[in-house]
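Analysis of the macromolecular model
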Amino acid sequence: MTTFIIRRLITMVLLLIVVSMVTFGIFFLIPRLAGQNSYELAAQYVGRNPTKAAIMQMEAKLGLNQPLIVQYGHFLKGIVAGQYYNSGTARTWCGPPCFGYSFRTQQPVWPQMMNALPVTASLAIGASVLWLVGGVAVGVLSALKRGTVFDRLSMGTALAGVSLPIFFTGQVALLLFSYKWQIFPNVQYVPITESVQYWFSNMVLPWVTLAFLYAALYARLTRAGMLETMGEDFIRTARAKGLPERIVVTRHGLRAAVTPILTIFGMDLGLLLGGAVLTETTFSFPGLGQFTIQAINNQDLPEIMGVVMLASFFIVLANTVVDILYAVVDPRVRTA
Amino acid sequence: MALLEVSDLRVRFDTDDGLVKAVDGLSFSVDRNRTLGIVGESGSGKSVTSLAIMGLHRNTGSTTVSGEIRLDGEDLVEASPERVRRLRGEKMAMIFQDPLTALNPYHTVGAQIIEAYRVHNDVSKREARKRAIDMLGRVGIPQPSSRVDDYPHQFSGGMRQRAMIAMALSCDPGLLIADEPTTALDVTVQAQILDLIVDLQAEFGSAVIIITHDLGVVAEVADEVLVMYAGREVETGAAREVFGAPRHPYTWGLLGSMPRLDVARTERLVPIPGTPPSLINVPPGCPFHPRCAYPAQAAAPCDSEVPALLETGPGHLAACHLPAAKKQSIWAELSARTAPSRARHAKTGPAAPGSVSEVNPW
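Residues numbered from 1 in each chain as written. Chains lettered and ligands numbered in written order. Predicted model: local features only at pLDDT ≥ 70, side-chain atom pairs only at ≥ 80, totals over all residues.

This brings us to the overall build of chain A. When its secondary structure is counted, chain A shows 14 helices and 2 strands. Across its three principal directions, the C-alpha atoms of chain A cover 85 × 55 × 40 Å. Here the analysis covers contacts within chain A between residues at least 6 apart in sequence; of these, 65% occur between residues at least 24 apart. (Helix = DSSP H or I, 4+ residues; strand = E, 2+ residues; numbered from the N terminus. Contact = placed C-beta atoms within 7 Å.)

What follows deals with the packing of helix 12 (residues 288-297) of chain A against helix 13 (residues 301-329) of chain A. Each packed pair of helices is defined by two parameters, the angle between the axes and the distance between the axes. Residues and elements named next belong to chain A. Running from amino to carboxyl end, helix 12 crosses helix 13 at an angle of 145°, the nearest separation of the two axes being 8 Å. Taken as a pair, helix 12 and helix 13 cross one another with a handedness that is left-handed. Facing Leu288, Phe291, Thr292, Ala295 and Ile296 of helix 12, the residues of helix 13 in contact are Glu303, Ile304 and Val307. Taken together, the residues of the contact of helix 12 with helix 13 sort by class into 6 nonpolar, 1 polar and 1 charged. (Axes fitted to C-alpha atoms, helices over the stretch in contact; angles between N-to-C directions. Left-handed = near helix turned anticlockwise from the far one by under 90°. Nonpolar A, V, L, I, M, F, W, Y, C, P; charged D, E, K, R; others polar.)

Let us now look at the packing of helix 7 (residues 166-180) of chain A against helix 8 (residues 196-230) of chain A. Residue and element names in this part refer to chain A. It is the contact of helix 7 with helix 8, at a shortest axis distance of 10 Å, that shows an interaxial angle of 145°. In this structure, the crossing between helix 7 and helix 8 has a hand that is right-handed. Facing helix 7, whose interface residues are Ile166, Thr169, Gly170, Ala173, Leu174, Phe177 and Ser178, helix 8 presents Leu205, Val208, Thr209, Leu210, Phe212 and Leu213. Class assignment of the residues belonging to the contact of helix 7 with helix 8 gives a composition of 9 nonpolar, 4 polar and no charged.

Here we take up the interface of chain B and chain A. Reports of interface size often rely on the accessible area that becomes lost once the parts have come together. Contacts between the two partners involve 23 residues from chain B and, on the opposite side, 17 residues from chain A. Mapped by element, the contributors of at least two residues to the side of chain B that touches chain A are helix 2 (81-87), strand 6 (92-95), helix 3 (99-102) and helix 4 (109-120) of chain B. For the side of chain B that touches chain A, the element with the most residues is helix 4 of chain B, which contributes 4 residues. Across the side of chain B that touches chain A, the residue classes tally to 12 nonpolar, 5 polar and 6 charged.

Further remarks concern the sheet that holds strand 7 (residues 175-179) of chain B. Pairing between sheet strands relies on hydrogen bonds along the backbone, with the strands arranged either parallel or antiparallel. Residue and element names in this part refer to chain B. Taken in spatial order, the 8 strands line up as 6-7-8-3-9-10-12-11 in an open sheet, and their pairing is mixed. Both edges of this open sheet fall to strand 6 and strand 11 (310-313), since each of them pairs with a single strand only. Averaged over all pairs of adjacent strands, the angle between their axes in this sheet comes to 20°, without regard to strand direction. Taken together, the 4 bridges between strand 3 (residues 35-39) and strand 9 (residues 224-229) define a ladder with parallel strand orientation. Residue pairing in the sheet places Leu36 in a bridge with Glu224 of strand 9. Contacting strand 3, strand 6, strand 7, strand 8 (207-212) and strand 9, helix 1 (residues 46-54) crosses the sheet at an angle of about 150° to strand 7. Packing of helix 7 (residues 157-169) onto the sheet brings it into contact with strand 6 and strand 7, and relative to strand 6 it is tilted by some 170°. (Pairing = 2+ DSSP bridges.)

Residue and element names in this part refer to chain B. Here 4 strands make up an open sheet; going across it, the order is 2-1-4-5 and the pairing antiparallel. Edge positions in the sheet fall to strand 2 (18-30) and strand 5 (74-75), since each has one partner strand and no second. Sheet topology places strand 4 (residues 63-71) next to strand 5; 2 bridges connect them, and they run antiparallel. Note that in strand 5 the partner of Leu71 across the bridge is Glu74. Against the sheet, helix 1 contacts strand 1 (4-15), strand 2 and strand 4, and its axis sits at roughly 70° relative to strand 2.

Quick look at the structure:
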């Protein structure tokens, strides 16, 4: 088991290095392939009608005139060990993990991301608890009461949940619960450190909106998995032993049906931690999703690199955790 | 009164295509220390019968079970599902065809036996675990005290079936139903599992029903045989009677389509022509008549009159319109044609009483 975990962790680091190479390649190499040279690239970050000297200075400052491999080396070194930026009196130390400075705002990228992360994390973690509990519960009940009114109603709702986009359900939720009935007026992000109560009450609508989409998906997945599992031979064996149906369902059915859900859950949560773009935009929450959109709009390469690396870190981490959990849940994986 | 008495059992499924008469008026009984073999092709109603006894058939509104299933005098058809659940595992247990899929891959073998034991016995986990280890030892699993914590995928096929048997017998049930217990196993393991069932039956004194399409299995372990076709019984009797002097064309067909070691390879197997009938539109009269080679010699019209199950010898019944003398001569001819050794059997009639495994099934 320990070797299994160590092996997974090593894979995780290797995977992140590959991701960094690919992302770096995409964002630094492609402009060149498209015929843009480093001078033209630098011109984007200097402001309107710049002098040639100013552009050259910017080019040197951003290191755009260096070979790609050197730039990548700087990038990696910054993340692992931190590094100095600028020279002379403007020289500043950027400690690890250093993702450099924004080309536009000259602000360090890492602290900006760390400011946005709690917003996204509150959103993603809260919603994931809601949808996991809600989706699995509805899915199991639907499977057990297959064909009844409950099953049809919940699966109909689930279909709506899967099909309706967040910017629609979010707007409807805001319209009804925030503007019309004023149950959660003036929704905005309040840090949990400031006020737990306001953090919570402002989170309810985004949570429910985000969870509705995923819960619908999970309900359908759980129902399908449960129906399949309840037809398995070992369920018949469990019944043949004379176990009460309740135990047959929970100990034998649910256990097998929920295992694949776990994989998807890890992936979904990891993906969301990198930024819940639609939900954050709908509710104007300054999370990683908003940060990403701004970075892309501004063509701010250090910010894009930073947020891509952070997002892929969460996905790879979630994957690793799921793999390890899987080994705990499914004894057949352990020996493999 | 026998431990299990089934009379006029009918199981029907109402499907979109029509009413499926999966079991159509079946009667038999098994007593403690006796083994009944139920034989028939796929779809003849063997497994449905066993599931109906256990109360494990799909309990939806579209399934109806009628007739009587008396276990120790108690009618299971009339009993509440909760009552039947309590009897399951305690008074009657079942082992299934494929032990890999029948065991839950997420729980240890021990946990699954412990669970089976504790539903019906109010004992501590520790005691149940002792019982599980004891049972695993009795079914011949080496080092049971460490194997008890293994998962099913760490067991070989034969060991899994042994574990299934240990689980089924953990509560010492009076009735053990084995549904194709050796079909999914290696040939070498098959014999071991059959021996184990026979040994444990002697030890526990249970009544055993073995459901199979493998006549070799039945010949080895069964005292009585019930041949099923299209949800009905077509022939039944003591194993050596049914195999030594079969009195139904379907049984002849089954025996003829079985490979044997003592006949030259050049001898071709004789399959039964046609396919088993649809259980929605069962042929009128004798359900076997469209595939039967002898309707012309029958004493009654096979395609309109259902043959009654009549005694053709002591305790030996068959449902066929062929006159008794005709059956004897056809069988004598059939057995002489493919195997000289069998003709000897037919001439001497029922073999001398002895161990069942001595009976040559063909």
